[in-house]
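# Coordinates in review
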Amino acid sequence: MKKIILTGDRPTGKLHVGHYVGSLAERVRLQDSGEFDEIYIMIADAQALTDNADNPEKVRQNIINVALDYLAVGIDPNKANIFIQSMIPQLPELTCYYMNLVTVARVQRNPTVKAEIQQKNFEQSVPVGFFCYPISQASDITAFQATHVPVGEDQKPMLEQCNEIVRKFNATYGEVLVEPEIVLSSNKACLRLPGTDGKAKMSKSIGNCIYLADDAKTLKTKIMSMYTDPNHIRIEDPGQVEGNSVFTYLDAFSTPEHFAEFLPEYQCLDELKEHYTRGGLGDVKIKKFLNKVMEAKFGPIRERRREWEQRIPEVYDILKAGTAVAEKKAAETLNKVKDAMKINYFSGDDRLA
Ligand code: ATP
Ligand code: MG
């Protein structure tokens, strides 16, 4: 069986360092491993519209931002097809058939949907399109016959829901769809990076982000004003590492080489944590170290993004070419789905007359 990747992002803002550790870095690693036959990376504009229906301009503007971020982190258009979701009409058609295989109660139980409804203050006014987005996500994944989906931890319930749909479809109509597996980062701190405000998740919609496009000064300002341990007031006070975003970011981004280069008085992160817990280590010192670590990682990405910003027509060509390949693949799958359901009324065995 072919090994195929499908993943993507909502164009609701520029991509941030949470996306980087949660998904982008893993995608680039998988892309460069040479182990995959096909790679599809989707800019999920139709999904973004499910909770931004009144602001299509925001979604439109961010399509190019997300594409620039992809190219900046090293997604290679010669290896991966970057495409725009709404330009693939087969996806909503698949959604339409899958909707009949899922109960309202099942979507209501989806913990990510529940959390997002609360976070967006939808309460009784959840748009039907938003409510159904896990089903549409199952279409996105299965349309490309994806075997691997590299995403952040918040997507786990979506993958579970997708696999239920695949099993239900195959049991009802015959073996057509492929069950995908989720690919999560092996670093625990990367699964759901908290925001600079210490909130559970860095998220474009909350605005607690460090963006890949942030310049060096903005990066520094955001790090220096980050949430730490509120009880660690004086340097000599013992500090708490758990729930302290600065340490979570060091877990996610720092390597032993960074210590050798920027903070040689400590061998490794465990030593630094131990000193902080004991007391006698100030927040400013660890924030300055974090800033150096993140600048080393994201400085070159920011530069590459600036270069691509000068080549926007080429970026559009990349999106157009990727979208054409993606549509062909989705059309093949839709055809198989309709054959299995015997609703290809004007062709082959399903002909009405
Ligand atoms: P929005 O607020 O519009 O939902 P978002 O910041 O949650 O935006 P998405 O486009 O929904 O970003 O997510 C894109 C991908 O990045 C998904 O695979 C998601 O799991 C991952 N991701 C998003 N935020 C984080 C985070 N803070 N840590 C790790 N992974 C993340
Ligand atoms: Mg999200």
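Summary of the structure given here.

Cut-offs and rules
Residues numbered from 1 in each chain as written. Chains lettered and ligands numbered in written order. Predicted model: local features only at pLDDT ≥ 70, side-chain atom pairs only at ≥ 80, totals over all residues. Heavy atoms only, no water. Helix = DSSP H or I, 4+ residues; strand = E, 2+ residues; numbered from the N terminus. Rg over C-alpha atoms; globule rule 2.2 N^0.38 Å. Contact = heavy atoms within 4.5 Å. Areas by Shrake-Rupley, 256 points an atom, 1.4 Å probe, with all protein chains shown as cover. Lys, Arg positive; Asp, Glu negative; His and termini not counted. Charge placed at Lys NZ, Arg CZ, Asp CG, Glu CD. Buried < 20%, exposed > 50% of the residue type's maximum accessible area, 1.4 Å probe, protein only. Polar contact = N/O pair within 3.5 Å; in protein donor to acceptor, adjacent residues only side chain to side chain. 1 Å grid on protein atoms, 1.4 Å probe; cavity = no way out; pocket = protein on both sides within 12 Å on 5 of 7 lines; lining within 4 Å. Points joined across faces, edges and corners; volume = space filled by probe spheres on them. Nonpolar A, V, L, I, M, F, W, Y, C, P; charged D, E, K, R; others polar. Near = heavy atom within 4 Å. Sits in = over half its atoms within 2 Å of the grid points. Pairing = 2+ DSSP bridges.

Next up on the list: the overall build of the chain. Across its full length, the chain holds 15 helices and 5 strands. In terms of overall dimensions, the chain is globule-like: its C-alpha atoms have a radius of gyration of 22 Å, near the 20 Å expected for 353 residues. Projecting the C-alpha coordinates of the chain onto the three principal axes gives extents of approximately 85 × 45 × 40 Å. In the chain, of all internal contacts separated by at least 6 residues, the share reaching a separation of at least 24 is 76%. Here the chain displays about 16,900 Å² of accessible surface, and carbon together with sulfur accounts for 52% of that area. In the chain, which carries 44 positive and 49 negative side-chain charges, the distance between the mean positions of the two groups comes to 2 Å.

Within the element layout of this structure, asparagine 208 appears in the loop between strand E5 (181-183) and helix H10 (216-224). A relative accessible area of 3% places asparagine 208 in the buried class. Here the side chain of asparagine 208 touches lysine 201 through a polar contact of 3.3 Å, landing on its backbone oxygen. In this structure asparagine 208 touches Gly195, Thr196, Asp197, Lys199, Lys201, Met202 and Ser203, once residues within four positions along its chain are discounted.

Not every positive phi belongs to a glycine, and asparagine 121 is a case in point at roughly 55°. You can see asparagine 121 is positioned in the loop between helix H6 (111-119) and helix H7 (128-131).

Attention shifts here to empty space enclosed by the protein. In total, this model carries 1 cavity of 30 Å³ or more according to the counting rule given. Taken together, Ile210, Tyr211, Leu212, Asp214, Leu219, Phe298 and Arg302 make up the lining of the largest cavity. Among the residues making up the lining of the largest cavity, the classes are represented as 5 nonpolar, no polar and 2 charged.

A separate point is the site of ligand 1. For ligand 1, the set of nearby residues contains 21 residues, the closest of which are Thr12, Asp154, Lys201, Ser203 and Ser205. At a separation of 3.0 Å, an oxygen atom of ligand 1 approaches a polar side-chain atom of histidine 16. Measuring from a nitrogen atom of ligand 1, one finds a backbone N or O atom of leucine 193 at 2.8 Å. Assessed atom by atom at 2 Å from the grid points, ligand 1 resides in the largest pocket. Only strand E1 (4-9) and helix H1 (17-33) provide two or more residues apiece to the shell around ligand 1. Of the residues belonging to the shell around ligand 1, the class tally is 5 nonpolar, 10 polar and 6 charged.

Now for the pairing of strand E3 (residues 81-84). Alternating positions in E3 separate into two faces, Asn81 and Phe83 on one and Ile82 and Ile84 on the other, with burial throughout. Here strand E2 (residues 38-43) runs beside E3; their pairing, made up of 4 bridges, is parallel. Each bridged residue has a counterpart across the sheet, and for tyrosine 40 the counterpart in E3 is asparagine 81.

Treat this as a map of the structure, not an account of what it does.
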